[in-house]
There are 4 protein chains.
Amino acid sequence: MIEARPVRRQARGEKRISEILDAALALFAENGYEATSTNAIAARAGMSPGSLYQFFWNKEAIAEALSTRMIEGLRSAHGSAFDADAVASLPLVELVNRMIDPLVAFNVANPGGKALFGNTDMPARLAEATRPLQDAVIGRVAAVLAVRAPSLPTADRERAALVAVQIVKAMMGPVVAADGAERNALTREMKAAVAGYLARMDEID
Amino acid sequence: MIEARPVRRQARGEKRISEILDAALALFAENGYEATSTNAIAARAGMSPGSLYQFFWNKEAIAEALSTRMIEGLRSAHGSAFDADAVASLPLVELVNRMIDPLVAFNVANPGGKALFGNTDMPARLAEATRPLQDAVIGRVAAVLAVRAPSLPTADRERAALVAVQIVKAMMGPVVAADGAERNALTREMKAAVAGYLARMDEID
Amino acid sequence: MIEARPVRRQARGEKRISEILDAALALFAENGYEATSTNAIAARAGMSPGSLYQFFWNKEAIAEALSTRMIEGLRSAHGSAFDADAVASLPLVELVNRMIDPLVAFNVANPGGKALFGNTDMPARLAEATRPLQDAVIGRVAAVLAVRAPSLPTADRERAALVAVQIVKAMMGPVVAADGAERNALTREMKAAVAGYLARMDEID
Amino acid sequence: MIEARPVRRQARGEKRISEILDAALALFAENGYEATSTNAIAARAGMSPGSLYQFFWNKEAIAEALSTRMIEGLRSAHGSAFDADAVASLPLVELVNRMIDPLVAFNVANPGGKALFGNTDMPARLAEATRPLQDAVIGRVAAVLAVRAPSLPTADRERAALVAVQIVKAMMGPVVAADGAERNALTREMKAAVAGYLARMDEID
DNA sequence: GATGAATGAGGATTCATTCAT
DNA sequence: AATGAATGAATCCTCATTCAT
């Protein structure tokens, strides 16, 4: 009744958590959040339904953790792409490359992210848990714009960042779904769209 | 025994079908596809669950019909925006206006659309049922490009159309969610992004 | 999501509700509240689990309804036993007879009541829902005492009523469990205990 | 393979068993038998669930042991209250005092008892496991009556003992739940009820 | 054509119990 | 002796769908 359940975080725990998240990511990608059953996640992760709940309070918590892991993954995928001097000095096209290439690589390696973001079909509480990722990314782009287009009013800057992010998000589906030459072509167009749009707010080039 | 249920299309039938679709659209928009129960749709449509099934084989069929109705709605919303001479002679910015303004108006008036498109959280079969809308729209834009940039290879043209459509879709959520001045600002940016991108493939301006 | 579920109370509804309550009473009596599954109740009531929930929001609601039905049953079982002049004029022994005989008859006919009252093993909320019955009965006895022993302070009167009721409750289990001559003997002793105790507060005899 | 698990009774074992029973008693009192999980018992006893099962075969066994420990506790609580000459020579009121006062003290100190006795909400097998306590107490009272009212037929004597015990059990809940002056008042009434009832079978007074 | 009661499989979650370490 | 991760059956409840009226 009081139930502490400290959400295992030890040694072997990390591995199992990871297995659960992998399974969940795959299934969310295939069938969506709602249509994915916790029993299915457990089965795919090679454990019993009961074990799942030793690591997560409930289904939402899994999606939340997935979202968190995604943020961290993105951050490390970007590496030094957002370093102050890179941001300040690079030509726009090169900057866009540095931002988008790791994103594409990350999404190709982690299909299923799309099930988590920009998806209306999940409990309201979860949608909010998913927000940080969104906001983190937009914030990063806005920070870039703050350096590149310092005279732009904050509101405009945030809006522009949103637009850039939305374009990337929207194109990521087709990019991930395609492969080979077509994937490259789509990636090129995505970059063109983003760079073209941002060029308008950018004093330098 | 051989189950006829010929999907009613008669007199009063049309009206009831419409009521069901209205109810479904509203609920999908509020809670998403999976979280919307057929009983809730029936209730909101002012009929019994049994009656609902006299018009649709199952829940998916409702979403499919919604998708179809959406295509038609979009088509009529666009009116003469895609007329041959409009497409051939208008300045790009004006053409984009004629394409996007009705879309925004339509989506603001039908806020359930987002639950149906670009949402992974539905049975795979449904996601496919939803494709025609997508394709219809892309096809229309590709046709425009065929006129404006006739020298562009077909593959590039289709890809460009996809990009344009994705940008619009991606921005539609934020646009519909915002209101007043911010909605206008977002719409303006959406148009700028699309026009900016298409300008590259467009010989004229 | 909004879900009205007006808890069926119509024509045939009453019958089914009654069947559910009968089944629940029997099972609660056999296995207790917690150990009785809603599926088992439905099965014993000859319906599917889903149907059960057309009449009751959840398991607690069934116990609540059972408690309510019990109060009404007791009231009607007592008939005119608590009429003003009966209460005022009857010899104590006869009064006790009129109070206890219907209770014994009722409990023999409705075994299982014991699972609902004075049982700690149920959600706190339920325990409270069950209180009214308890209080109703004690209140009735206190009212009798108010007539028979008007000089007794209210607190003492309520306490005495509680004692009388507790004795009856405590003996009811053995009485119901026994049968034939032993049941009669136990009933006689229960009455003796109650009458003996009340005689002390009673001016007349 | 032949499953030994000899129910540890050694050195440190006794201490751990005691801790388990303490934890179980507290939790049964708080939440009832069914709602108390073995994991919660283990946690409260400061050990792992696995360890718990080294001392008890299952949940029922814990309740059984608790019942046994209760009998012993009661016995020692009563001390010399049932000594032959005390029983034979004391005025009834004083005898009742000597029997009931330790019981009240014991129950106030061990408020979990009520979850174990007179509670229908436990598996039938457990209810029986709980019987010995009941019977032990009744037997003791019957023995008293055998001395005080030797001419009473055995059956009547046992029945009278049952009544007395039931009264005490029934009042124990309210007594334990109350405190201060009200607890005293309730205890006084409990004694009055018991003494009043027994006086009828008692030749002396 | 319509109704709405009825169905029952399925989903999230818990918990008594086991077993590898 | 002890641990605590693992198990999986069982629970309450929902909902897409059917069918008698």
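Residues numbered from 1 in each chain as written. Chains lettered and ligands numbered in written order. Predicted model: local features only at pLDDT ≥ 70, side-chain atom pairs only at ≥ 80, totals over all residues. Heavy atoms only, no water.

(A) Quick look at the overall build of chain A. Secondary structure summary: chain A contains 10 helices and 0 strands in total. Starting at the N terminus and ending at the C terminus, chain A contains elements arranged as α-α-α-α-α-α-α-α-α-α. Evaluated residue by residue, chain A yields a buried proportion of 51% over its 205 residues. Residue pairs in contact within chain A that sit at least 24 positions apart in sequence constitute 70% of those at least 6 positions apart. Summed over all atoms, the accessible surface of chain A reaches about 9,500 Å², with 55% contributed by carbon and sulfur. (Helix = DSSP H or I, 4+ residues; strand = E, 2+ residues; numbered from the N terminus. Buried < 20%, exposed > 50% of the residue type's maximum accessible area, 1.4 Å probe, protein only. Contact = heavy atoms within 4.5 Å. Areas by Shrake-Rupley, 256 points an atom, 1.4 Å probe, with all protein chains shown as cover.)

(B) Representation of the pattern of salt bridges. The final tally for this structure, using the stated rule, is 34 salt bridges over all chains. Taking the shortest distance from any N to any O, the salt bridge between Glu19(B) and Lys15(B) comes out at 3.1 Å. Within this pair, Glu19(B) and its partner Lys15(B) are both found in helix α1 (residues 11-31), separated by 4 residues, close to a single helical turn. Residue classification places Glu19(B) among the partly exposed positions, given a relative accessible area of 26%. Among the ionic pairs, Arg159(C) bridges to Glu182(D), the shortest N-O distance being 2.6 Å. With Arg159(C) in helix α9 (residues 154-177) and Glu182(D) in helix α10 (residues 180-199), the pair connects residues from two separate chains. Taking the relative accessible area as the measure of exposure, Arg159(C) reaches 10% and is therefore buried. Take Glu182(D): its relative accessible area is 35%, and that puts it in the partly exposed class. Residues participating in the shared-partner salt-bridge network are Lys15(A), Arg16(A) and Glu19(A). (Salt bridge = Lys/Arg side-chain N within 4 Å of Asp/Glu carboxyl O.)

(C) Looking closely at the environment of Leu162(C). With respect to the helices and strands, Leu162(C) occurs in helix α9. Measuring from C-alpha to C-alpha, the distance between Leu162(C) and Val137(C) comes to 9.1 Å, with 25 residues separating the pair along the chain. Leaving out residues up to four positions away in the same chain, Leu162(C) has contacts with Ile138(C), Pro174(D) and Leu186(D).

(D) A look at the confidence of the model for chain A. Per-residue confidence for chain A gives a mean pLDDT of 84; residues scoring 70 or more make up 85%. Least confident of the elements in chain A is helix α7 (residues 113-116) of chain A, whose mean pLDDT is 64; most confident is helix α2 (residues 38-44) of chain A, at 96. (pLDDT = per-residue confidence, 0-100.)

(E) Layout of the domain arrangement of chain A. Here chain A is described as being made up of domain 1 (11-57) and domain 2 (67-199). The distance between the C-alpha centroids of domain 1 of chain A and domain 2 of chain A comes to 27 Å. (Domains from an automatic or database assignment.)

(F) Structural context of the packing of aromatic side chains. Applying the stated criterion to the full structure yields 4 aromatic pairs over all chains. Measuring from ring centre to ring centre gives 5.3 Å for Phe28(B) and Tyr33(B), while their planes differ by 55°; the resulting arrangement is tilted. The ring of Tyr33(A) has Lys59(A) sitting right over it, with the charged end atom 4.7 Å from the ring centre. (Phe/Tyr/Trp six-rings, centres within 6.5 Å; stacked < 30°, edge-to-face > 60°. Lys NZ or Arg CZ within 6 Å of the ring centre and 35° of its normal.)

(G) Layout of the side chain of Glu189(C). The topology assignment puts Glu189(C) in helix α10 (residues 180-199). On the basis of relative accessibility, which here comes to 10%, the residue Glu189(C) falls in the buried class. Of the polar contacts made by the side chain of Glu189(C), one reaches the side chain of Tyr197(D); its length is 2.3 Å. In this structure, Glu189(C) is in contact with Arg159(D), Val163(D), Tyr197(D), Arg200(D) and Met201(D), ignoring residues within four places of it in sequence. (Polar contact = N/O pair within 3.5 Å; in protein donor to acceptor, adjacent residues only side chain to side chain.)

(H) A look at the packing of helix α4 (residues 59-78) of chain C against helix α6 (residues 92-109) of chain C. All names here are of chain C. The N-to-C vectors of α4 and α6 enclose an angle of 130°; their axes lie 9 Å apart at closest approach. Classed by the angle they form, the pair α4 and α6 counts as oblique. Here α4 runs over α6; the crossing is right-handed. Along the contact surface, α4 presents Met 70, Gly 73, Leu 74, Ala 77 and His 78, while α6 presents Arg 98, Met 99, Pro 102, Leu 103 and Phe 106. Among the residues forming the contact of α4 with α6, the class breakdown is 7 nonpolar, 2 polar and 1 charged. (Axes fitted to C-alpha atoms, helices over the stretch in contact; angles between N-to-C directions. Parallel < 35°, antiparallel > 145°, perpendicular 65-115°, else oblique. Left-handed = near helix turned anticlockwise from the far one by under 90°. Nonpolar A, V, L, I, M, F, W, Y, C, P; charged D, E, K, R; others polar.)

(I) Examining the environment of Ile167(C) more closely. With respect to the helices and strands, the residue Ile167(C) is situated in helix α9. With relative accessibility at 1%, the residue Ile167(C) sits in the buried group. It is 7.6 Å that separates the C-alpha atoms of Ile167(C) and Ala193(C), two residues lying 26 residues apart in sequence. Those residues in contact with Ile167(C) that sit more than four places away from it in its chain are Ala193(C), Val194(C), Ile167(D) and Ala193(D).

(J) Quick peek at the side chain of Arg157(B). Tracing the chain through its elements places Arg157(B) in helix α10 (residues 154-177). Setting aside its immediate chain neighbours within four residues, Arg157(B) contacts Ala142(B), Leu145(B), Ala146(B), Ala149(B), Pro150(B) and Leu152(B).

(K) Spotlight on the environment of Glu30(A). Residue and element names in this part refer to chain A. Position of Glu 30 among the secondary structure elements: in helix α1 (residues 11-31). Among the residues examined, Glu 30 registers a relative accessible area of 45% and is labelled partly exposed. The spacing of Glu 30 and Asp 83 is 53 residues in sequence and 36 Å in space, taken between C-alpha atoms.

(L) A look at helix α9 (residues 154-177) of chain D. Along its 24 residues, α9(D) runs 35 Å from first to last C-alpha, staying within 8% of the 34 Å computed at 1.5 Å per residue. At Met171(D), α9(D) shows its maximal bend, which comes to roughly 30°, and the proline Pro174(D) appears one to four places after that position. (Expected span 1.5 Å × (residues − 1). Bend = angle between axes of the 7 residues up to and from the residue.)

(M) Structural context of the packing of α10(C) against α10(D). Orientation of α10(C) relative to α10(D), taken along the N-to-C sense of each, is 120°, at an axis distance of 9 Å. As judged from the angle between their axes, α10(C) and α10(D) are oblique. Between α10(C) and α10(D) the crossing geometry is right-handed. Here α10(C) contributes Glu189(C), Ala192(C), Ala193(C) and Tyr197(C) to the contact with α10(D), which in turn contributes Glu189(D), Ala193(D) and Tyr197(D).

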